[in-house]
Amino acid sequence: MFSTATKDDAINMKNASQNAANDANNDLRTAVNQAGKKVRNVFNTASDEIVHASDTVTTEIRTNPVRSSMIALGIGVVLGALLRR
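This structure is a prediction, so every number in the text was calculated from the model and none was measured.

Draft legend 1. How the structure looks around the overall build of the chain. If you tally the helices and strands in the chain, you get two helices and zero strands. Taken against the 2.2 N^0.38 rule, which gives 12 Å for 85 residues, the C-alpha radius of gyration of the chain at 31 Å runs more than 25% over that of a compact globule. Along the longest, intermediate and shortest principal axes, the C-alpha atoms of the chain span 95 × 35 × 10 Å. Across the 85 residues that make up the chain, the buried fraction comes to 1%. Total accessible area computed for the chain in this model is approximately 7800 Å², and 62% of it derives from carbon and sulfur atoms. The positive charge centre, built from 10 side chains, and the negative charge centre, built from 8, are 11 Å apart in the chain.

Here it is, written out as structure tokens:
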């Protein structure tokens, strides 16, 4: 029914479309992996900064407990006044 040339052209087109789909899949996979690495780096950096800030606050509270208590009291009064309105 179909000539050999037509069948060969159809097979070539099928192979070309499969190759294009595979290339697109590989490109997408690479982009997703790179994005994942960037997100992990941002998360790790933020986590390290939070740990450092927590250590700094803990040290400050232990070295100056009265001042830290007064600051906490002041913040509590201000927040209480704002939330009461």
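Draft legend 2. Region of the structure containing a nonpolar patch on the surface. Among the surface-exposed residues, Ile71, Ile75, Val78, Leu79, Leu82 and Leu83 lie close enough to one another that they form a single nonpolar patch of about 620 Å² accessible area. Its place among the elements puts Val78 in helix 2 (residues 65-84).

Rules and cut-offs
- Residues numbered from 1 in each chain as written.
- Predicted model: local features only at pLDDT ≥ 70, side-chain atom pairs only at ≥ 80, totals over all residues.
- Heavy atoms only, no water.
- Helix = DSSP H or I, 4+ residues; strand = E, 2+ residues; numbered from the N terminus.
- Rg over C-alpha atoms; globule rule 2.2 N^0.38 Å.
- Buried < 20%, exposed > 50% of the residue type's maximum accessible area, 1.4 Å probe, protein only.
- Areas by Shrake-Rupley, 256 points an atom, 1.4 Å probe, with all protein chains shown as cover.
- Lys, Arg positive; Asp, Glu negative; His and termini not counted.
- Charge placed at Lys NZ, Arg CZ, Asp CG, Glu CD.
- Patch = residues over 30% accessible without salt bridge, like charges linked within 9 Å, V, L, I, M, F, W, Y side chains within 5 Å.
- Salt bridge = Lys/Arg side-chain N within 4 Å of Asp/Glu carboxyl O.

Shape is all these values report; function is a separate question.
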